[in-house]
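One-letter residues, chain by chain:
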Amino acid sequence: MSGTGAVWSRVRSRIRSFPERLATCGAEAAAYGKCVQAAAAPGGELRRNLCAKEFEALRNCFVAVVRVAAGLAAASFSRLPRAGAGEGKGGAPSDRALLPVPA
């Protein structure tokens, strides 16, 4: 049990630094937000995959930041859900299908 304090200390320090690291994705987040805002504005048409390119850029930035922060290899994130990968029974979308499909 004496080792658990060291583990929690490392976890806490990583969690505390996470917002600062994700702030490096500001340009991608702004581009995605502008796309969604324009589509949701009056007269716009917000629909699935409309901002897929911007979302994928933001997602890639987040994944890269996490990889660098954790010192993980690229293969560690190969199991992240991709858009369209989670079709439920009868073709109905599952919770994993909520991510946009890259163009």
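In what follows, the structure referred to is the one given above.
In this text, all values refer to a predicted model and were calculated from it rather than measured experimentally.

Trainee: Hey, could you go over the overall build of the chain for me, with residue numbers and the actual values?
Mentor: Scanning the chain for helices and strands turns up three helices and zero strands. Helices (α) and strands (β) of the chain occur, in sequence order from the N terminus, as α-α-α. Within the span of the chain, comprising 103 residues, buried residues form 17% of the whole. At a minimum sequence separation of 6, the contacts of the chain that also span at least 24 residues come to 40%. Surface exposure of the chain reaches about 7300 Å², of which carbon and sulfur atoms provide 60%.

Trainee: Which residues make up helix α3 (residues 52–70), and what are the values?
Mentor: For α3, built from 19 residues, the straight-helix expectation of 27 Å at 1.5 Å per residue is met to within 8% by its first-to-last C-alpha distance of 26 Å. Listing the buried residues of α3 in full gives Ala-52, Phe-55, Glu-56, Leu-58, Arg-59, Cys-61, Val-63 and Val-65. Looking one or two places after α3, you find Gly-71, whose phi comes out positive at around 65°.

Thresholds, definitions, all that
Residues numbered from 1 in each chain as written. Predicted model: local features only at pLDDT ≥ 70, side-chain atom pairs only at ≥ 80, totals over all residues. Heavy atoms only, no water. Helix = DSSP H or I, 4+ residues; strand = E, 2+ residues; numbered from the N terminus. Buried < 20%, exposed > 50% of the residue type's maximum accessible area, 1.4 Å probe, protein only. Contact = heavy atoms within 4.5 Å. Areas by Shrake-Rupley, 256 points an atom, 1.4 Å probe, with all protein chains shown as cover. Expected span 1.5 Å × (residues − 1).

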